[in-house]
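# Structural description and commentary
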Amino acid sequence: MRRTGKKGVACLIDPDDRWLESELECLLRVAGTFSPLFILVGGSLVQQQNLNGVVDRIKCVSVHLPVLLFPGSVLQLTDNADGVLYISLISGRNPDLLIGQHVLAAPLLAKSDLEVLPTGYLLFDGGKISSVHYMSQSVPLPNDKPELALATAMAGHFLGLQFLYLEAGSGAARPVSTSVIEAISFHLPCPLLVGGGIDSLAKVKAAWKAGADVVVLGNSIKKNPDLLAEVLHSAEAYNLSLNVN
Ligand SMILES: CC(C)=CCC/C(C)=C/CC/C(C)=C/CC/C(C)=C/COP(=O)(O)OP(=O)(O)O
Ligand SMILES: O=P(O)(O)OC[C@@H](O)CO
Ligand SMILES: [Mg+2]
């Protein structure tokens, strides 16, 4: 994706949010089979039986949409997804979330068919205390210090992490700043996922323009599935203009 300049979208389905069967189906129908789109499933407290069920429901409606797990802990792994963001919280200094959960998860992942995507996860100050901030007990990066963010992202890149997820926290008051996205995308080749508080087409476009490869949408599309349709049309038009579809 970084190579082609294509822009992508990921829908975050949090199994802890009460998803009516009809709501999930409506969202998945909007999503259709649009190719640079995938589904992330995760949340800070998710219990495994919820997780299995939600992944099954998604697969039942949208057989071809890739479903990636976005785990808050080793308890949030299930075999019926396609892959897992193997996230290490590199903005924090909590050893359990840098490497501890990963050690516990590794033997389970080795036995599963899940594709493992090594991902540096950077939490930014999104203007209010997010669940990830609380659950991880780690200090978020400032949103107005691109040089600190870049140094952290570079460290992840040099350690071999292949994707970077810039996170402002679910429902953030302010998304990750464009100056942060620009600094990281200018200097590093890893595909960038950016999420947290992105709740309008204008914010999506600003993140893409700054260098995000994939914009992650959670709360906003649960409230308003029409936003997903708008964003997908916009991505499709942009990707067609690159002549890379
Ligand atoms: C690799 C494995 C198995 C685990 C990684 C564990 C790590 C590093 C977690 C990072 C810190 C953390 C607690 C992340 C939560 C990830 C997540 C799914 C966030 C989305 O949840 P929200 O939607 O923000 O939470 P709320 O719905 O509670 O607001
Ligand atoms: O729910 P929102 O605010 O879109 O956030 C999405 C995701 O980045 C949270 O982990
Ligand atoms: Mg949530």
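All values reported here derive from a predicted model rather than from experimental measurement.

Here is what the cut-offs are and how they apply
Residues numbered from 1 in each chain as written. Chains lettered and ligands numbered in written order. Predicted model: local features only at pLDDT ≥ 70, side-chain atom pairs only at ≥ 80, totals over all residues. Heavy atoms only, no water. Salt bridge = Lys/Arg side-chain N within 4 Å of Asp/Glu carboxyl O. Helix = DSSP H or I, 4+ residues; strand = E, 2+ residues; numbered from the N terminus. Buried < 20%, exposed > 50% of the residue type's maximum accessible area, 1.4 Å probe, protein only. Near = heavy atom within 4 Å. Polar contact = N/O pair within 3.5 Å; in protein donor to acceptor, adjacent residues only side chain to side chain. Areas by Shrake-Rupley, 256 points an atom, 1.4 Å probe, with all protein chains shown as cover. Nonpolar A, V, L, I, M, F, W, Y, C, P; charged D, E, K, R; others polar. Axes fitted to C-alpha atoms, helices over the stretch in contact; angles between N-to-C directions. Left-handed = near helix turned anticlockwise from the far one by under 90°. Contact = heavy atoms within 4.5 Å. Pairing = 2+ DSSP bridges. Right-handed = clockwise from strand over helix to strand, strands pointing away. Phe/Tyr/Trp six-rings, centres within 6.5 Å; stacked < 30°, edge-to-face > 60°.

## What to know about the pattern of salt bridges
Inspection of every chain in the model, using the stated rule, returns six salt bridges. Put simply, Glu 23 and Lys 222 hold a salt bridge, and the shortest N to O gap is 3.6 Å. Of this pair, Glu 23 sits in helix H1 (residues 21–31) while Lys 222 sits in helix H8 (residues 219–223), placing them 199 residues apart in sequence. We classify Lys 222 as partly exposed; its relative accessible area is 22%.

## A closer look at the site of ligand 2
Every residue lining ligand 2 is accounted for by Leu 12, Phe 70, Tyr 165, Glu 167, Ser 170, Gly 171, Gly 195, Gly 196, Gly 197, Leu 217, Gly 218 and Asn 219. One of the backbone nitrogen or oxygen atoms of Gly 197 is found 2.8 Å away from an oxygen atom of ligand 2. Between ligand 2 and Gly 218, the relevant distance is 2.8 Å, taken from an oxygen atom to a main-chain nitrogen or oxygen of the residue. Taking 310 Å² as the accessible area of ligand 2 by itself, protein coverage stands at 96%. Per-class residue counts for the shell around ligand 2 are four nonpolar, seven polar and one charged.

## Some points on the packing of helix H7 (residues 201–210) against helix H9 (residues 225–241)
Relative to each other, H7 and H9 sit at 35°, their axes nearing to 10 Å. Between H7 and H9 lies a crossing whose hand is right-handed. Across the interface between the two elements, Leu 201, Val 204, Lys 205 and Trp 208 of H7 pack against Leu 227, Glu 230, Val 231, Ser 234 and Ala 235 of H9. Residue composition of the contact of H7 with H9, by class: six nonpolar, one polar and two charged.

## Observations concerning the environment of Val 41
Among the secondary structure elements, Val 41 is positioned in strand S2 (residues 37–41). Residue class for Val 41 comes out buried when judged on its relative accessible area of 1%. Sequence-wise, Val 41 and Ile 58 are 17 residues apart; in three dimensions their C-alpha atoms are separated by 9.8 Å. Once residues within four sequence positions are removed from consideration, Val 41 is found in contact with Leu 12, Ile 13, Pro 15, Leu 51, Val 54, Val 55, Ile 58, Val 67, Leu 68, Leu 69 and Phe 70.

## What to know about the pairing of strand S4 (residues 83–89)
Across the seven residues of S4, six count as buried, placing the element largely inside the fold. As paired elements, strand S3 (residues 67–69) and S4 share two bridges and run parallel to each other. Counterpart to Leu 69 in the pairing with S4 is Val 84. Direction of pairing for S4 relative to strand S5 (residues 115–123): parallel, over a ladder of seven bridges. Directly across from Val 84, in S5, lies its bridge partner Val 116. Note on the crossover from S4 through helix H3 (residues 95–111) to S5: the handedness is right-handed.

## Here's the deal with the packing of aromatic side chains
By the definition in use, this model includes three aromatic pairs. Summarising the aromatic geometry, the rings of Tyr 121 and Tyr 165 are spaced 5.2 Å apart at their centres and angled 80° between planes, so their arrangement reads as edge-to-face. Separated by 44 residues along the polypeptide, Tyr 121 in strand S5 and Tyr 165 in strand S6 (residues 163–167) bring together distant segments of the chain. Summarising the burial analysis for this pair, Tyr 121 and Tyr 165 share the class buried. Cluster of aromatic residues (ring-pair linked, three or more members): Phe 70, Tyr 121 and Tyr 165.

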